[in-house]
Amino acid sequence: MTDCGKMIVVSGPSGAGKSTVLSRVMAADRSIVFSVSATTRKPREGEREGVNYFFTDQAGFCKMIENGELLEYAQYVENHYGTPRTPVEENLKKGLSVLFDIEVQGAMQLKSLCPEAILIFVIPPDFSQIENRLRARGTDSEKKILQRIKTARFEYSMAMNYDYIVINDDPDSAANEIKSIITAEKCRARNRQNYLTEVCSL
Ligand code: ADP
Ligand code: 5GP
């Protein structure tokens, strides 16, 4: 008997530390695969095609939408981001859990498509850390940093639509909290009914 794969949707303001924390969650659990998104954003130094994102232009992104290739998509600041449908469906079919790092509009789309998805919102211990961390990361222009901070205010207003809020003060502790959430969700009685059918007729 095996547990079914879960959809684990993580959002939070840019600079909250989502990528940092999620890489630690995945390093610890081979049954969790990352949903690699498509984006019109230009690659940052060190980002790899097919690993961090599928990088495309606006025309390529529109084609994906027209062909029904995206499970959800949204505009974030000045770019488009979307989740390719096929890898998600295939991985869930294999019983793997799929981890999404997506912004709030996309997360709400996934929640309406799949109400059983687990929604986690990641934030730093205080709002000012967003600016500090974005500056420390050094990947965005001044204009982009200000746009991302402005968007963060809207994102915070959506946090209560999530199932869990994780405070990323320390990346290891935040990763442990996310691992605990995933474990608890797997242990829900409704997710373990398949272990009972042999004995009880449900
Ligand atoms: P996001 O994916 O949410 O945009 P990143 O994972 O890229 O955020 O993190 C933004 C910056 O903050 C990076 O430079 C990262 O090293 C740093 N960072 C992540 N977590 C913490 C933390 N708990 N404390 C301090 N800095 C952090
Ligand atoms: P970044 O440019 O920092 O990589 O990502 C910007 C924002 O886009 C982040 O909030 C990230 O979670 C979100 N994002 C990344 N991929 C997707 C996606 O496929 N769909 C949606 N809706 N948002 C995404």
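Figured I'd write up the structure that's included with this text. (Residues numbered from 1 in each chain as written. Chains lettered and ligands numbered in written order. Predicted model: local features only at pLDDT ≥ 70, side-chain atom pairs only at ≥ 80, totals over all residues. Heavy atoms only, no water.)

So, the site of ligand 2
Stage number 1. In the region of ligand 2, 16 residues are neighbours, and Ser 37, Arg 41, Tyr 53, Tyr 81 and Asp 101 sit closest.
Stage number 2. Between ligand 2 and the protein, one listed contact pairs an oxygen atom with a side-chain N or O atom of Arg 41 at 2.6 Å.
Stage number 3. In the environment of ligand 2, an oxygen atom lies 2.5 Å from a nitrogen or oxygen atom belonging to the side chain of Tyr 53.
Stage number 4. Put simply, the parts of the chain that give the shell around ligand 2 at least two residues each are β5 (70-76) and β6 (79-84).
Stage number 5. For the shell around ligand 2, the per-class residue count stands at 5 nonpolar, 4 polar and 7 charged. (Near = heavy atom within 4 Å. Polar contact = N/O pair within 3.5 Å; in protein donor to acceptor, adjacent residues only side chain to side chain. Helix = DSSP H or I, 4+ residues; strand = E, 2+ residues; numbered from the N terminus. Nonpolar A, V, L, I, M, F, W, Y, C, P; charged D, E, K, R; others polar.)

Here we look at the environment of Asp 57
Stage number 1. When you line up the elements, Asp 57 lands in the loop between β4 (53-55) and α2 (58-66).
Stage number 2. In this structure, the C-alpha to C-alpha distance between Asp 57 and Ala 38, residues 19 residues apart in sequence, is 9.7 Å.

Structural notes on the sheet that holds β6
Stage number 1. The 4 strands are arranged β4-β3-β6-β5 in an open sheet whose pairing can be described as mixed. Strands at the two margins of the open sheet, each flanked by one partner only, are β4 and β5. Between one strand and the next, the sheet's axes are offset by a mean angle of 25 degrees, whatever the strand orientation.
Stage number 2. With 6 bridges connecting them, β5 and β6 associate as antiparallel partners. Bridging across to β6, Ala 74 finds its partner in Tyr 81.
Stage number 3. Together, β5 and β6 form the strand contacts of helix α3 (residues 85-93), whose direction differs from that of β6 by roughly 30 degrees. (Pairing = 2+ DSSP bridges. Axes fitted to C-alpha atoms, helices over the stretch in contact; angles between N-to-C directions. Contact = heavy atoms within 4.5 Å.)

Concerning unusual backbone geometry
Stage number 1. The backbone of Val 77 sits at a positive phi, close to 50 degrees, despite the residue not being glycine.
Stage number 2. You can see Val 77 is positioned in the loop between β5 and β6.

Some words on the side chain of Asn 91
Stage number 1. Tracing the backbone shows Asn 91 in helix α3.
Stage number 2. Those residues in contact with Asn 91 that sit more than four places away from it in its chain are Val 33, Leu 96 and Val 98.

Considering the site of ligand 1
Stage number 1. As a structural note, the neighbourhood of ligand 1 is formed by 14 residues, with Lys 18, Ser 19, Thr 20, Arg 137 and Asp 169 the closest of them.
Stage number 2. Within the backbone of Ala 16, one N or O atom sits 3.3 Å away from an oxygen atom of ligand 1.
Stage number 3. Interatomic distance of 2.9 Å between a backbone N/O atom of Gly 17 and an oxygen atom of ligand 1.
Stage number 4. Contact with the protein chains covers 75% of the free accessible surface of ligand 1, which is 570 Å². (Areas by Shrake-Rupley, 256 points an atom, 1.4 Å probe, with all protein chains shown as cover.)

Focus on the pairing of strand β8 (residues 118-123)
Sheet faces and side chains relate simply in a regular strand, where the side chains alternate between the two faces.
Stage number 1. Of all 6 residues in β8, 6 are buried; the element is thus mostly enclosed.
Stage number 2. Burial of the side chains of β8 extends over both faces: Ile 118, Ile 120 and Val 122 are buried on one face and Leu 119, Phe 121 and Ile 123 on the other.
Stage number 3. Across 4 bridges, the pairing between β8 and strand β9 (residues 164-167) is parallel. Along β9, the bridge assignment pairs Val 122 with Val 166. (Buried < 20%, exposed > 50% of the residue type's maximum accessible area, 1.4 Å probe, protein only.)

Quick notes on helix α7 (residues 171-186)
Stage number 1. With 16 residues, α7 extends 23 Å from end C-alpha to end C-alpha; this agrees with the ideal 22 Å at 1.5 Å per step.
Stage number 2. Taken as a whole, α7 has its buried residues at Ala 174, Ala 175, Ile 178, Ile 181, Ile 182, Glu 185 and Lys 186. The buried residues of α7 occupy an angular sector of 135 degrees when projected down its axis, which confines them to one face. (Expected span 1.5 Å × (residues − 1). Arc of directions from axis to C-beta.)

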